[in-house]
Amino acid sequence: MSGSGKLEVSIRRLERAAAMLEQRLGHRVAEAGAQAGGLFDLDRARLAADLDASRARERELAEAASAASLAVDRAMAEVQAALAGTER
C-alpha cells in the first residue's frame, strides 16, 4: 500500500472513531439530562411536601394565637371585673 493509501485508511479510521465518540457522548449527555430531570422532580416533590407541612404548621399557630388571644381577653375581663368590684 502506498503512503497516500495508508493515510486515507488512517483518516477513515480516525473519522469512525470520532463518530463513535460523538455517539457515546450524545448518549451520556442524554442520560445525564434524564437523571437531572429526575432529581429536579424529586426536589420539587420535597419542596411541595415542605410547603404543605409549613402551611399546616401556620394553621396550627394561627389557632393557638387565636386561643391565646381569647384567654387574654377573658383574663382582662376578669381583672377589670375584680377591679370594678373593689372600687365600690
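Provided above is the structure to which this section pertains.
In this report, the structure presented in the accompanying data block is examined.

About the cut-offs
- Residues numbered from 1 in each chain as written.
- Predicted model: local features only at pLDDT ≥ 70, side-chain atom pairs only at ≥ 80, totals over all residues.
- Heavy atoms only, no water.
- Helix = DSSP H or I, 4+ residues; strand = E, 2+ residues; numbered from the N terminus.
- Rg over C-alpha atoms; globule rule 2.2 N^0.38 Å.
- Buried < 20%, exposed > 50% of the residue type's maximum accessible area, 1.4 Å probe, protein only.
- Areas by Shrake-Rupley, 256 points an atom, 1.4 Å probe, with all protein chains shown as cover.
- Salt bridge = Lys/Arg side-chain N within 4 Å of Asp/Glu carboxyl O.

### Quick look at the overall build of the protein
No. 1: Assigned secondary structure in the protein consists of one helix and zero strands.
No. 2: Its C-alpha atoms give the protein a radius of gyration of 38 Å, more than 25% over the compact-globule value 12 Å for 88 residues.
No. 3: Projecting the C-alpha coordinates of the protein onto the three principal axes gives extents of approximately 125 × 15 × 5 Å.
No. 4: Each of the 88 residues in the protein was classed as buried or not, and the buried ones make up 1%.
No. 5: Counting only carbon and sulfur atoms, one obtains 61% of the accessible surface of the protein, whose full area is about 8000 Å².

### Things to note about the pattern of salt bridges
No. 1: If you walk through the whole model with that rule in mind, you get three salt bridges.
No. 2: Salt-bridge contacts for Arg12 lead to Glu8; the nearest nitrogen and oxygen are separated by 3.8 Å. With Arg12 and Glu8 both in helix α1 (residues 3–86) and four residues apart, the pair spans about one turn of that helix.
No. 3: According to the relative accessible area criterion, Arg12 is partly exposed, its value standing at 47%.
No. 4: The exposure class of Glu8 is partly exposed, given its relative accessible area of 45%.
No. 5: Between Arg57 and Glu60 there is a salt bridge, with the nearest N and O atoms lying 3.4 Å from each other. On the criterion of helical spacing, the pair formed by Arg57 and Glu60 is a turn pair, its members being three residues apart in helix α1.
No. 6: Under the relative-accessibility criterion, Arg57 is labelled partly exposed at 47%.

### As for the environment of Ser66
No. 1: Here Ser66 is to be found in helix α1.
No. 2: Ser66 sits 18 residues away from Ala84 along the chain, and the two C-alpha atoms are 27 Å apart.

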